[in-house]
Amino acid sequence: MWFDINRFHLLVLLTWQFSIFFASQQIFPIFSNYVPQWKCGNGEPTSDCTVYESCKSNLTFVNVAFKSAAMEYDWICGKSAYLKSLFSQIQFAGVLCGTFSFGAVSDVVGRKPVAVFALSLGILMNFVTGLAPNYQLLLGIRFFLGLSVGGTLVVVCTFVMEMLLPKQRMALRAFFNWGVARLMMTLIAMALPEWRMSSIACAIAALPALLIIIFVFPESPTWLHNKGKLEEMKKSEQHIAKVAGVPYIPVQHQKIEHSKTVMEMLRTKGLMRRLFVLWSMWFVASICGYATDLNSNTISGDLFVNQILFSILIAVSKMVLVIFDTHVPSFRRRTLHQGAQLVVCICFLILTVMTFYGQFGLAFLIVNLIGTVFIEYTWDACYLCAVESMETACRASATGTCSLVARIGAILAPMLNYANLWWPPSVYLTVVLLGTINLIISYFFLVETKNINLDNVHIDPSSEEGTPMIDEKPSQKTADH
């Protein structure tokens, strides 16, 4: 099979897909915060809050595609409008806390028990979301949902990566990705166009990930090796071979290395400089990506058609990038990030102007789709550069700090959507400004890492740039990303 995928690997990939489907609850506010236009009596459809607040006794919504929590709890205009943003922010705050807590606990007690707990809690909270009797309790539930999303993204991701072959991570990026997860959520919302029913259905649809981890996965052999539990590690590997339907062959594990702390990285000039560049990249990708995603429910046209288009283009773009990156060796990481960021800035500058002049036709949707796809490409550059530009001893810690910075960006993103109430182009112009700053930083300071051998990334503590050793051919570890 492609990428030497056996039965066990296929189950691992499916577990990842259903796990990120669950994690796509981060953008469920696209539907839960959806508000259609309204009209006063026989007046024209509008989104004017003055009309909404002055005509509540004779107000009707127009072309309602989805019955949202914002409509049920009146999070539309006035002081209560901020609750739409708060709904997302509380959730993202939970993701931030979950990233810290669950990741640390899994390093101590193991990947499997923490993954089971995180997914169980998340699926339960998603189900209970549909039963919330009031918005105060709903906001509390979404915090714990976010907490479990953070745990799932960190622990299940690590669990999955530790049980795949390096070259199979390419298949994970290409075919089991965020675009597919977003499409699954959109189709559920389309079939059940009411926020309570959709929440319950999303909880049920995420169950395969939990069931596979409980009944199929053993504990991670990599984690067991790191803990010195060699006999349990062997049993785990034998179980994997049995499920895969292949003979058991003992695996040679690398020597465990000391991991550098964040403070050790900051005291190393070359590492510190690279880390600051990565933080800029991750922060901008996060705040811009989530802000534009959450704003996508305001685009004119059919809500579900628009979201399906976004989902399919994101999924296809991942496949295209993997194929292009594999077959065009000269396509560099700097080109990927800077080219994508430049296209993002151009697209959202156009959208800023179109919004300012009230031009919301087909051209507006097309430019938005292109801009969103290239934001996804900046995300790909973030992951690739974080993995390839850091030494093995600090790669996990560095990526963890990048994830932390991204969560901060996600918490801030809903505030941009709230600002749209006062000036509609707020989200788009902010994307342009932050993107321009990020592009300048990337152009002057981002190091090239394409085809670098991950085992040979060494940074001279006395050097500003560091001196990574470049391998002419992609190593097996590099070619998988």
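Scroll up to find the structure.
Report follows, based on the coordinates. These figures come from a predicted structure and were not determined experimentally.

Thresholds applied
- Residues numbered from 1 in each chain as written.
- Predicted model: local features only at pLDDT ≥ 70, side-chain atom pairs only at ≥ 80, totals over all residues.
- Heavy atoms only, no water.
- Patch = residues over 30% accessible without salt bridge, like charges linked within 9 Å, V, L, I, M, F, W, Y side chains within 5 Å.
- Areas by Shrake-Rupley, 256 points an atom, 1.4 Å probe, with all protein chains shown as cover.
- Salt bridge = Lys/Arg side-chain N within 4 Å of Asp/Glu carboxyl O.
- Helix = DSSP H or I, 4+ residues; strand = E, 2+ residues; numbered from the N terminus.
- Expected span 1.5 Å × (residues − 1).
- Disulfide = S-S within 2.5 Å.
- Buried < 20%, exposed > 50% of the residue type's maximum accessible area, 1.4 Å probe, protein only.
- Core = buried A, V, L, I, M, F, W, Y, C linked by side-chain atoms within 4.5 Å.
- Domains from an automatic or database assignment.
- Contact = heavy atoms within 4.5 Å.

## Quick notes on a nonpolar patch on the surface
Then step 1. A cluster of nonpolar side chains, F127, L131, I204, L207, L211, I214 and F215, forms an exposed patch at the surface whose accessible area comes to about 650 Å².
Then step 2. Ranked by the residues each element gives to the nonpolar patch, the list is headed by helix α11 (residues 207-215), at four residues.
Then step 3. Tracing the chain through its elements places F215 in helix α11.

## What about helix α17 (residues 333-356)?
Then step 1. Taking 1.5 Å of rise per residue, the 24 residues of α17 would be expected to cover 34 Å, and the 34 Å separating its terminal C-alpha atoms lies within 8% of that figure.
Then step 2. Following α17 by one or two positions, G358 has its phi on the positive side, about 70°.

## Concerning the state of the cysteines
Then step 1. As enumerated under the stated definition, the model contains two disulfides in all.
Then step 2. Here C40 connects covalently by a disulfide to C55, the sulfurs 1.8 Å from one another. Residues C40 and C55 are joined through a disulfide that is right-handed, its torsion about the S-S bond being 80°. Highlighted residues: C40 in strand β1 (residues 38-40) and C55 in the loop between α3 (49-54) and β2 (59-61), separated in sequence by 15 residues.
Then step 3. There is a disulfide in this structure between C49 and C77, and the S-S distance comes to 2.0 Å. Taking the sign of the torsion about the S-S bond as the criterion, the disulfide between C49 and C77, at about -80°, is left-handed. Here C49, found in helix α3, pairs with C77, found in the loop between α4 (69-73) and α5 (82-109); they are 28 residues apart in sequence, far enough to count as distant.

## Comments concerning helix α15 (residues 269-295)
Then step 1. Compared with the 39 Å implied by 1.5 Å per residue over 27 residues, the 39 Å span of α15 between its first and last C-alpha is a close match.
Then step 2. The buried count for α15 comes to 22 of 27 residues, which makes it a mostly enclosed element.

## Looking at unusual backbone geometry
Then step 1. Within the chain, N63 stands out as a residue other than glycine whose phi angle is a positive 50°.
Then step 2. A positive phi angle, close to 65°, is found at D74, a residue other than glycine.
Then step 3. Within the secondary structure, D74 is located in the loop between α4 and α5.
Then step 4. On the basis of relative accessible area, D74 is assigned to the partly exposed category, the value being 25%.

## Describing the pattern of salt bridges
Then step 1. Counted by the stated rule, this structure contains eight salt bridges.
Then step 2. One salt bridge in this structure joins R111 and E162, with 3.1 Å as the shortest N-O distance. Of this pair, R111 sits in helix α6 (residues 111-129) while E162 is found in helix α7 (residues 135-162), placing the two residues 51 residues apart along the sequence.
Then step 3. Take R111: its relative accessible area is 6%, and that puts it in the buried class.
Then step 4. Between K318 and D380 there is a salt bridge whose closest N-O contact spans 3.1 Å. Of the two residues, K318 is situated in helix α16 (residues 303-327) and D380 in helix α18 (residues 362-388); the sequence distance between them amounts to 62 residues.
Then step 5. Shared partners join several salt bridges into a network, and the residues in it are D107, R111 and E162.

## Some thoughts on the nonpolar core
A general trend in soluble globular proteins is that nonpolar side chains are found buried together.
Then step 1. Core analysis: the largest hydrophobic core is formed by 112 residues, its most contacted members being F31, F217, W282 and F348.
Then step 2. When residues in this core are grouped by element, the largest group, 14 residues, is from α15.
Then step 3. Structurally, this core is a two-domain feature, drawing no fewer than three residues from each of domain 1 (7-246) and domain 2 (260-456).
Then step 4. Not counting the four nearest positions on each side in its chain, W282 is found in contact with W379, C382, Y383, A386, C402, S403 and A406.

## Overview of the environment of L349
Then step 1. With respect to the secondary-structure elements, L349 resides in helix α17.
Then step 2. The exposure class of L349 is partly exposed, given its relative accessible area of 44%.
Then step 3. Separated by 83 residues in the primary sequence, L349 and V432 have C-alpha atoms spaced 6.0 Å apart.

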